[in-house]
Amino acid sequence: MIAGLLAGPSRPGQAFTMPGVNYDGLYKMARRIKACFDKDTGSAPVCLCTDDRAVMAATLLATLAGGPDLFIPHDLSPTPLDEMHAQAGFDRAICPTGDPLPEGVKPIDVTTLSDETESLAGRNDPDPDRTWVHLSGKNPSGETRLWSKTPRNLLAETAYLSDRYKIGSNDRILATIPALGGYGLLFSLLLPLTVSARVVAGHPNSTDTLGRQFADAQPTILVSVPEHYRDLKAAWPAEGALRLGFSAGEPLAKSDNADFLNATGVNLVEIYGSTATGGIAARCRADGESAFVPYNGIQWRVVGEQLDIRSPFLSAELPTRSSGWLTLDGQVKPNRGNGFMVAEPRRPETDSPLKESDRKAPQPIVTFEPSGLRLPLLANRTLHELAADNGIDIRADCGGSGVCGKCRVLVDPAENFSSLTPAELKMLTPEQLADGSRLACQARATGEGTVTIPDTLAESAETRGKTGISGSYPVDPMIRRLTVASPSPGVKSDNLPESLLDWISNKAGESLATTIDVAALRQLGRYRGNLKGFTLVLHEEAGMRRILEGEQTTSLGFAVDLGTTSVAGYLCNLVTGELLAADACVNPQRRFGEDVISRICRINEKDIYLDQFQRLAAEAINFLMQRCVKQIGVRIDEIDEIAICGNTTMQQVVAGLHPHGLGAFPYFPLILTPPVFSAGDLGLGSDPAVPVLLMPVVSGFVGGDTMAAILADRPHERDEVTLIVDIGTNGELALGNRDGLWVTSCATGPALEGAQISCGIRAVTGAIHRVWAEDTGRRINYEVLGEEGKNRPLGICGSGIIDAIASMRQIGVILPSGRLDETSDQVERDEKGVGRTYTLVPREQSATGSDISMTLKDIRQIQLAKGALSVGIEFLMRKAGIDRIDRTVLTGAFGAHFNWENALAIGMLPPAVAQSRVVAKDNLAGVGVVMALLDRKLRVEARDLCRRLRYLELATQSDFAMAFAQATMFPDNDT
């Protein structure tokens, strides 16, 4: 088992902590910790001073691979740490920088480590009987004792439990106790590590928190202690994925056991043992066991009224006799059948009060309003990072670099927050500073305080423009269900060898069933259903993916358009081809930047950020999947396949593939046709064996979403020349006909979706989305999204920005160069007389209490975006040898909803577009990924197309820079 653990993860993409780190990220962290240990050749032990389960598991792996002895305190408060330090003499501790430590102890912050060993596995296998971990606990007199554990002690018990209770990679473990003691360490760290299971990152301390974690994580295994089974009973779920509960520490009151079984219908296993002895015996009252039955491999006997045991799990410090027997404290009596009985506890009437010495000093709390969420202060985290870590969305268009001003919050009291940074002094006005405004990406809390996110600046969850597709599509799925009615398997009469897989294949009469995915094979090994009737889920390329009990014919698929700004999900019937439900949400990665380059830069800072971004993408998909199945009243386990399209960066990130190469020339993607992934590898909430299709990509900036749009519109089958323009956070172009297609991408940036514009917002309620000039040429009117007459404007979205620029050009406020006309009395000038601002909505009419304006800087952003798109189209036409466009298709969440005539007026689209037939189509990428999900022939076609398309890299064209500079100018109004 040791060699297998150190060899690397068997399911690298699978989440280890939920939310948190996947197994690939966990092992990377372990290799970095191991490299840190290797640099220090001394033998001094290390203390593990964190309850972060991912960091704890990575440290266990690093020390198992030959690192120093590891000391784990039973409590992270100062007194237990000082007591352990006095006994152990450690001089290093794994913990975040700034955490309190005993004097002279140096912190090792894993987030700062960058060097990494090639492998955890060495030339020789580690000694299974060397001391590995020291666990602390109090003896009956209140003194702290240290108990040493070897790899054999801990891993042998882990192997026994996983085998006896069939714990595997499909399981999701929720523990209500920290992983600092022997029981918590075993069940919430070592068990999931050895079987590639998932574990909930934190441990709930209230009924409300536990209820939310049951709803969000859908755990299959609960790990708790008797007092929690008593105190948290209101949170037990009446339905869900839970299949087994564990309790340890002391025998559980019979009434509490019955309450849990009645509430959940799930068996509860009580473990008898301690940190020092390890597990000794178990009982399950639901199976009729009143006595504790010792584990296999443990010798036991009752002598008088005391229990004697011989066990491979015992700590060396225990008073074991030379014969190997250990006598345990406490009275027991033998059971007539098997096992032993212990005294049953009475349900306590009241909780025992804490001693004053046991009380922890209260940790300063930062309260975020208007949510009311109270979070412990972390001095090394900005307010934006603290909010993002806990699911609070604050805008960060610039990726946290302090240059957009969109993350402005109000703090109180001001003295409990860090000093103003130069970025804040530059971005915030004197009035805002006086009101307590700070930039969340710059400020840190230094004491208890309140952070208020103004309603007008809060990140809206509203999305528009991606769910307007419906209907039915051609269907020839890659995956299907096959129901088999057959007698249960028996011995063959011809005496030839046969496996269970062979038997299933023969009874199904289906050759595909002889090929099976590893995840499906593991699932088959745990299958306990009646094989007299079963349903196979068969994939035409990957073989058998699942086996289901009885006849289950409903087969669903889930298609995903994973955009940089928003994510859309489409639930489809794989038999009829009907689109059953659609939903969309904001991409939660937006909190780290609006564009893919910002996110690539963030991921390049630390490898663990890749795991964070991958998890955020998976969480968005899971959220939409749950919403869609709930809309139509089906089960999530009826989803047989998932298909995802997105730009190349989004697809690599959701697959857990590092996007570094996409941020540096020559911007190569890792692969054009990604392999089939499993949902479990990507942390998706369907059955882990469900296959996941990622659409083929063309280049680093022309991704699977463009391929999906081409499949949906089919320009390669037309005689007429078609131009597809997909404008979003990036601009992708496809041009051609049946004679060939050319594609390219334009760095339009996120400005056209409202980002990096001073008053820009997404297309949500309260956004100005239409602007036009009065005939008098003196006034500009606008229209706001939402119920007419009931919403004051919050800001201006992309379509409104294009209209505003065109209208300002029309009335002469913007000059052809892009400067604001200083001679106009409608333009606000600076002290040097330079035109800086044109106000669209005065502050008394806006919802923010501030002017909604277009600034000179905003105009420059639009000039860059429009120049990039216009030159991209013209250069693509030149390269393809095309001088006439017959048909222009505008698509994308933004692209299909702006006034293209105004875009022509400002030079964003070249004259060739005006001479074509212009068609707006809602989200072709979403339509295309649905079609690929439903029809396997289109996947073959997409794989072929990605090799036949011609790609133009605009930056390599010698005259691009000059053409781009000229295209930033605005055309004359009479052209």
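Residues numbered from 1 in each chain as written. Predicted model: local features only at pLDDT ≥ 70, side-chain atom pairs only at ≥ 80, totals over all residues. Heavy atoms only, no water.

**A look at the sheet that holds strand β30 (residues 579-586)**
Rule in force here: For two strands to be treated as a pair, DSSP must find no fewer than two bridges joining them. Note on conventions: DSSP H or I runs of at least 4 residues are helices, E runs of at least 2 residues are strands, and numbering of each starts at the N terminus.
Sheet architecture is open: six strands sit in the order β30-β29-β28-β31-β33-β32, paired in mixed fashion. Because the sheet does not close on itself, it has two edges, and the strands there are β30 and β32 (677-678). Strand direction decides the pairing type here: strand β31 (residues 639-646) and strand β33 (residues 691-694), joined by three bridges, are parallel. Bridge pairing links A643 to L693 in β33.

**Remarks on the domain arrangement of the protein**
Let me state the cut-off plainly: Segment limits for the domains were obtained from an automatic or database-derived domain assignment. Contact definition: two residues touch when any of their heavy atoms are within 4.5 Å. Summed over both partners, the accessible surface that disappears when two parts come together, traced with a 1.4 Å probe, is what is meant by buried area. Put simply, a salt bridge is a Lys or Arg side-chain nitrogen that is within 4 Å of an Asp or Glu carboxyl oxygen. N or O atoms closer than or at 3.5 Å make up a polar contact, with two conditions inside protein: a donor-capable atom paired with an acceptor-capable one, and, for residues adjacent in sequence, both atoms drawn from side chains. Gly is placed with the polar residues, together with every amino acid not listed as nonpolar (Ala, Val, Leu, Ile, Met, Phe, Trp, Tyr, Cys and Pro) or charged (Asp, Glu, Lys and Arg).
What the domain assignment reports for the protein is domain 1 (1-158), domain 2 (365-458), domain 3 (479-549), domain 4 (557-707), domain 5 (715-750 + 864-923 + 934-968) and domain 6 (753-856). For domain 4 versus domain 6, the distance between C-alpha centres works out to 35 Å. Opposite the five residues of domain 4 that make contact, domain 6 presents four residues. Interface area, domain 4 with domain 6, both sides summed: about 360 Å², of which 52% is carbon and sulfur. On the domain 4 side of the interface with domain 6, the three residues burying the most area are T565, V586 and E594, jointly 71% of the side's total. The tally of links from domain 4 across to domain 6 stands at zero salt bridges. Linking domain 4 with domain 6 are zero residue pairs in polar contact (both at pLDDT 80 or more), by the criterion used here. In terms of residue class, the side of domain 4 that touches domain 6 is built from one nonpolar, one polar and three charged.

**A closer look at the packing of helix α3 (residues 53-64) against helix α6 (residues 182-195)**
The line we're drawing: Lines fitted to C-alpha atoms define the axes, with helix axes restricted to the stretch in contact, and inter-axis angles between N-to-C directions lie between 0 and 180 degrees. Rotating anticlockwise by less than a right angle from the far helix to the near helix defines a left-handed crossing, while the corresponding clockwise rotation defines a right-handed one.
Between α3 and α6, whose axes approach to 10 Å, the crossing angle comes to 65°. In this structure, α3 crosses over α6, and the sense of that crossing is right-handed. Note on element contacts: α6 touches α3 through L185, S188, L189, L190 and L193, opposite R53, M56, A57, L60 and L61. Looking at the contact of α3 with α6 residue by residue, the class counts come to eight nonpolar, one polar and one charged.

**Considerations on the pattern of salt bridges**
The line we're drawing: Summary of the burial criterion: residues with accessible area below 20% of their type's maximum are buried, those above 50% are exposed, and those between are partly exposed, where the area comes from a 1.4 Å probe applied to protein chains only.
The final tally for this structure, using the stated rule, is 45 salt bridges. For the salt bridge of D640 with R546, the shortest nitrogen-to-oxygen distance reads 2.5 Å. Here R546 lies in strand β27 (residues 543-549) and D640 lies in strand β31, a separation of 94 residues in the sequence. A salt bridge links R939 to E641; its shortest N-O distance comes to 2.7 Å. Placement of the pair is R939 in helix α24 (residues 936-948) and E641 in strand β31, with a sequence separation of 298 residues. Here the two residues R939 and E641 agree in accessibility, since each one is buried. Salt bridges linked by common partners bring D476, R480, E540, D935, R936 and K937 together as one network.

**Here's the deal with the pairing of strand β34 (residues 722-727)**
Most of β34 is tucked away, with six of its six residues classed as buried. Burial along β34 is two-sided: T722, I724 and D726 and L723, V725 and I727, pointing in opposite directions, are all buried. When β34 meets strand β43 (residues 887-891), the two strands line up parallel, connected through five bridges. From the neighbouring strand, T722 faces β43, where its bridge partner is R887. Strand direction decides the pairing type here: β34 and strand β35 (residues 731-737), joined by six bridges, are antiparallel. Looking at β35, one finds that D726 is bridged to E732. What sits between the antiparallel neighbours β34 and β35 is a turn of three residues.

**Describing the environment of R301**
Here R301 shows up in strand β15 (residues 299-303). For R301, a relative accessible area of 34% puts it in the partly exposed group. The spatial distance from the C-alpha of R301 to the C-alpha of I603 is 57 Å, given a sequence separation of 302 residues. Every residue in contact with R301, bar those within four places of it in the chain, is listed here: Q306, L307, D308, R321 and W325.

**Side note on the side chain of T421**
Among the secondary structure elements, T421 is positioned in the loop between β22 (408-412) and α11 (422-427). Its relative accessible area of 18% is what places T421 among the buried residues. Polar contacts involving the side chain of T421 include one to the side chain of Q442, which spans 3.1 Å.

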